[in-house]
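Structure at a glance
Letter by letter, the chains look like this.
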Amino acid sequence: VLEANLALSRRNWPHDEKGIRTAQTNIAACFSDLGREDEALVLKRAIYAKEVTSLGTSHQDTLRDGCNVANSLIKLHLWDETTTLLRDQLLPPARRSLGPDHDTTLELN
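Nothing here was measured: the structure is a model prediction, and the numbers come from that model.

Side note on the nonpolar core
In this structure, Leu41, Tyr48, Leu63, Cys67, Val69, Ala70, Leu73, Leu85, Leu90, Leu91, Ala94 and Leu108 together form the largest nonpolar core, which totals 12 residues. Elements with a minimum of two residues in this core: helix 3 (37-55), helix 4 (60-75) and helix 5 (79-98). The biggest single contributor to this core is helix 4, with 5 residues. Beyond its immediate sequence surroundings of up to four residues, Leu108 is in contact with Cys67, Leu86, Leu90, Leu91 and Ala94.

Focus: unusual backbone geometry
One non-glycine residue, His77, lies in the positive phi region at around 60°. Summarising the element assignment, His77 is placed in the loop between helix 4 and helix 5. Residue His77 is classed as exposed on the basis of its relative accessible area of 54%.

Description of helix 4
Taking 1.5 Å of rise per residue, 16 residues should cover 22 Å, and helix 4 covers 23 Å from first to last C-alpha, within 8% of that figure. All buried positions along helix 4 are accounted for by Asp61, Thr62, Leu63, Asp65, Gly66, Cys67, Val69, Ala70, Ser72 and Leu73. Among the structural elements, helix 2 (17-33), helix 3, helix 5 and helix 6 (103-108) are those in contact with the buried residues of helix 4. Once helix 4 ends, the next one or two residues include His77, with phi positive near 60°.

Definitions and limits used
Residues numbered from 1 in each chain as written. Predicted model: local features only at pLDDT ≥ 70, side-chain atom pairs only at ≥ 80, totals over all residues. Heavy atoms only, no water. Core = buried A, V, L, I, M, F, W, Y, C linked by side-chain atoms within 4.5 Å. Buried < 20%, exposed > 50% of the residue type's maximum accessible area, 1.4 Å probe, protein only. Helix = DSSP H or I, 4+ residues; strand = E, 2+ residues; numbered from the N terminus. Contact = heavy atoms within 4.5 Å. Expected span 1.5 Å × (residues − 1).

Next up, the structure:
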């Protein structure tokens, strides 16, 4: 059903990037819930890359999707990659754009 929703979104609203990313996020969450974390990670990385390109590294949606990638990396026990993502790619823009006391920034610490 979720994949059909994504296909409809792409066909009927191809310029609605946020709607398409939301549908992709729902599919990634479903994969994760089913224990298909490898597949979820591939999709989460694609979503994060699109967010970086379209919104920039400091946007709250981009940071949230980066956290989704980090969660999958943790579930797959990819500790070094998780640390690098959090420390080098997510925490600095979160501190700059949201401030050191924002909930998202504190979660990244």
